[in-house]
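Okay, here's what each chain looks like letter by letter:
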Amino acid sequence: MLIYLKQHWFSNLRGDVLSALVVALALIPEAIAFSIIAGVDPKVGLYASFCIAVITAFAGGRPAMISAATGAMALVMVTLVREHGLQYLLAATLLTGVIQIVFGVFKLGDLMRFVSRSVVTGFVNALAILIFLAQLPELSGQHGTTLVYGMTALGLAIIYLFPYITQAIPSPLICILVLTALALYFGMDIRTVADMGELPDSLPIFLWPEVPLTLDTLSIIFPYALALAVVGILESLMTATIVDDLTDTNSNKNRECVGQGIANIGSGLMGGMAGCAMIGQSVINVKSGGRTRLSTLLAGVFLLIFIVFLDQWVGLIPMAALVAIMVMVSIGTFNWSSIKGLASNPKSSSVVMIATVLVTVFTHNLAYGVLVGVLFSALFFANKVGKILYISSTLTEHGQQRQYQVIGQVFFTSAEQFVAGFDFKEAIEQVQIDVSRAHFWDLTAISSLDKVVLKFRREGTTVTLIGLNDASATLVDKFALHNQPTAIDKLSEH
């Protein structure tokens with residue numbers, strides 16, 4: 001137990017504390033902004049961020065990953081809040097947590113192995129673009145003054161140059177301190193965190209949603225809860241994969257599903273909205289030195305302290321400082337080598353990556369982007385594997401029997417190629433089909449085998465099938481027609 005605590009909680013004390021300070025400060029404007037997107041009071045997002053961060057620190061499957069209220073989840077909530085109000089959102093948040101726990105119990109986190117590297121790269125690049133685009137409102141319109149540009153540029157200079165002086169303190173934290181001090185000293189007329197919305201002045205309390213416990217209520221919240229659960233799990237598992245790569249460690253994806261579910265239930269009971277892992281804050285945490293669960297816990301604790309007890313001071317932080325940090329995150333998150341790889345990588349991989357980026361950016365829905373990427377990956381893979389099929393043949397010395405040798409995978413994309421590999425017009429008495437180096441995967445493959453065997457028999461040729469492996473033989477015994485007495489008749493019916 002002591003070894004576990006030291007390894008997962010207290011092995012990186014200074015780095016975790018400092019990184020948590022940076023993350024907590026960066027969480028405040030984001031949580032407020034996401035609350036506004038969802039159409040709820042800022043404290044709903046802030047309380048959610050506190051609850052989710054603290055709970056996932058204990059229940060989540062990925063140390064150092066930051067979970068809180070997110071924009072992707074907020075977008076799903078808009079219609080529910082507008083049509084039914086906050087109480088139904090809280091009820092949907094509770095149901096979201098239950099669904100995510102079910103996902104974890106049934107080990108749906110294992111499905112991440114079906115997400116290709118191209119999809120992950122596209123996901124990362126899309127998030128980097130979305131993070132950057134989210135900063136543009138602070139740099140345009142009435143907010144986009146020369147002073148704001150200058151402060152943001154200074155913040156970026158501090159972030160990138162300060163590590164050359166020392167890495168003992170995270171440069172994003174120095175950026176916040178210096179820009180806040182300058183804004184106060186010179187009395188700059190610049191947008192601050194306080195301008196984003198009123199910070200709460202009390203601790204969260206237990207709240208049970210005031211909705212009728214009826215099937216009508218369930219019919220209203222279930223579609224939203226299911227969408228929130230899927231979007232939350234997808235974003236959380238993808239973020240976990242990215243943090244795995246950044247830290248060269250592994251995470252428990254199924255535990256993460258359960259942990260996210262427990263956190264959302266806790267958030268709903270404390271008056272918060274549903275949330276999930278945040279790639280931007282997770283990257284900030286890792287790059288600022290956070291490595292253990294303590295950094296996640298402290299990020300939530302510091303957030304609550306800042307918004308409740310130090311709200312007047314936190315409200316003075318210029319948004320330019322936080323914009324500089326998020327721009328740094330977007331630059332650091334984007335996989336720049338993927339641009340160079342467009343010319344050298346397989347075209348199918350590039351198409352998958354680009355499709356994932358475009359769908360995610362234009363829909364602002366990470367789930368759509370990932371699902372499109374996975375679908376494209378599956379189609380390209382099936383097409384590629386379907387082409388790996390070879391059929392050769394030899395004729396016996398007496399010319400009475402031809403032996404076909406089938407090598408490769410037979411399934412829905414290669415079925416036509418399989419049938420086309422045989423000569424049904426050849427005048428031959430016997431045909432032997434050796435499939436010892438082939439595998440039949442699905443009903444389409446079995447149907448193509450039926451077609452080959454029955455076509456030969458219809459021409460008066462005796463067919464012998466040899467070498468079926470156990471898995472293929474099981475499908476043939478259960479679904480094939482050629483080994484049934486009325487096989488020829490059934491073929492003619494089609």
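Here, every reference points to the structure presented above.
If you're wondering where the values come from, they're calculated on a predicted model, not measured in any experiment. Each chain has its residues counted from 1, following the order in which its sequence is written. In keeping with the model being predicted, local features are shown solely for residues with a pLDDT of at least 70 and side-chain atom pairs are shown and tallied solely at 80 or more, while totals for entire chains, interfaces and linings include all residues. Working from all heavy atoms in the structure, the side-chain values ignore hydrogens and water.

A. View of the sheet that holds strand S6 (residues 462-466). Any two strands with at least two DSSP-identified bridges between them are counted as paired. The helix count covers DSSP runs of H or I at least four residues long, the strand count covers runs of E at least two residues long, and both are numbered beginning at the N terminus. The four strands lie next to each other as S3-S4-S5-S6, forming an open sheet whose pairing is mixed. What marks the edges here is a single partner per strand, and that holds for strand S3 (389-395) and S6. Adjacent strand axes in the sheet meet at a mean angle of 20° when their direction is disregarded. The pairing of strand S5 (residues 430-440) with S6 spans five bridges and is classified as parallel. Bridge pairing in S6 places Ile 433 opposite Leu 465. An axis is simply a line fitted to the C-alpha atoms; with a helix, the fit covers only the stretch in contact. Between two such axes, the angle follows the N-to-C directions and lies from 0 to 180 degrees.

B. Structural detail: the nonpolar core. The biggest cluster of nonpolar side chains holds 113 residues, and the ones touching the most others in it are Ile 28, Met 77, Phe 123 and Met 273. The dominant element in this core, judged by the number of residues it contributes, is helix H2 (residues 13-38), at 13 residues. What we call a nonpolar core is a set of buried Ala, Val, Leu, Ile, Met, Phe, Trp, Tyr and Cys residues that are connected through their side-chain atoms within 4.5 Å. Burial classification: accessible surface area is computed with a 1.4 Å probe over protein chains only, and a residue below 20% of its type maximum counts as buried, one above 50% as exposed, and the rest as partly exposed. Listed in part, the 23 residues of the second largest apolar core include Val 431, Ala 445, Leu 449 and Val 452.

C. How the structure looks around the packing of helix H9 (residues 215-247) against helix H17 (residues 366-386). In contact at an axis separation of 9 Å, H9 and H17 are set at 70° when each is read in the N-to-C sense. Judged by the angle between their axes, H9 and H17 are roughly perpendicular. Helix-helix and strand crossings are classified by hand; for H9 and H17 the assignment is left-handed. Within the contact between the two elements, H9 uses Val 231, Leu 234, Glu 235 and Met 238 and H17 uses Leu 366, Ala 367 and Val 370. Its residues assigned to classes, the contact of H9 with H17 shows six nonpolar, no polar and one charged. An angle below 35 degrees is treated as roughly parallel, one above 145 as roughly antiparallel, one from 65 to 115 as roughly perpendicular, and anything else as oblique. For any pair of crossing helices, the crossing counts as left-handed if the nearer helix is rotated counterclockwise from the farther one by less than a right angle, and right-handed if it is rotated clockwise. Any two residues whose heavy atoms approach within 4.5 Å are treated as being in contact. Under the grouping applied here, Gly and all other residues not named as nonpolar or charged are polar, the nonpolar ones being Ala, Val, Leu, Ile, Met, Phe, Trp, Tyr, Cys and Pro and the charged ones Asp, Glu, Lys and Arg.

D. Structural view of the packing of aromatic side chains. In summary, the pairing rule links any two rings of Phe, Tyr or Trp, Trp by its six-membered ring, whose centres are within 6.5 Å, and it sorts them by plane angle into stacked for under 30 degrees, edge-to-face for over 60 and tilted for everything else. Scanning the entire structure with this criterion turns up 13 aromatic pairs. Relative to Phe 58, the ring of Trp 9 lies with its centre 5.0 Å away and its plane at 40°, an arrangement referred to as tilted. With Trp 9 in the loop between helix H1 (2-8) and H2 and Phe 58 in helix H3 (residues 42-59), the pair connects residues that are 49 residues apart, well separated along the chain. Judged by relative accessible area, Trp 9 falls into the buried class, the value being 8%. Each ring, one from Tyr 404 and one from Phe 456, has its centre 6.1 Å from the other, and the planes form 45°; the classification is tilted. With Tyr 404 in strand S4 (residues 401-410) and Phe 456 in helix H19 (residues 443-458), this pair connects stretches of sequence that are 52 residues apart. If you follow Lys 455 out to its NZ or CZ, it ends over the ring of Phe 424, 5.3 Å from the centre. Note on geometry: a ring has a charge over it if NZ (lysine) or CZ (arginine) is within 6 Å of the ring centre and within 35 degrees of the ring normal.

E. Local environment of the layout of surface pockets. Only protein atoms enter the 1 Å grid, on which a cavity is a set of points fitting a 1.4 Å probe that cannot get out and a pocket is an open set with protein on both sides within 12 Å along at least 5 of 7 lines, lining residues being those with an atom within 4 Å of a point. Grid points are joined across faces, edges and corners, and a volume is the space filled by probe spheres set on the points. There is about 800 Å³ of room inside the largest pocket. Along the walls of the largest pocket sit 32 residues, with Phe 34, Ile 37, Gly 71, Leu 130 and Ala 134 positioned nearest its centre. Counting residues per element, the ones that place at least two in the lining of the largest pocket are H2, helix H4 (71-84), helix H6 (117-135), helix H11 (279-287) and helix H14 (319-333). In terms of residues, the lining of the largest pocket owes the most to one element, H2, which gives seven residues. When the residues that make up the lining of the largest pocket are grouped by side-chain class, the tally is 22 nonpolar, six polar and four charged. What the second largest pocket holds in volume is close to 450 Å³. Around the second largest pocket, the lining comprises 17 residues; the ones closest to its centre are Ser 377, Ala 378, Phe 380, Phe 381 and Ala 382. Of all the secondary-structure elements, those providing two or more residues to the lining of the second largest pocket are helix H16 (347-363) and H17. If you tally residues by element for the lining of the second largest pocket, the top one is H17, at eight residues. Tallied by class, the residues present in the lining of the second largest pocket amount to 10 nonpolar, six polar and one charged.

That's the geometry; what it means functionally is another story.
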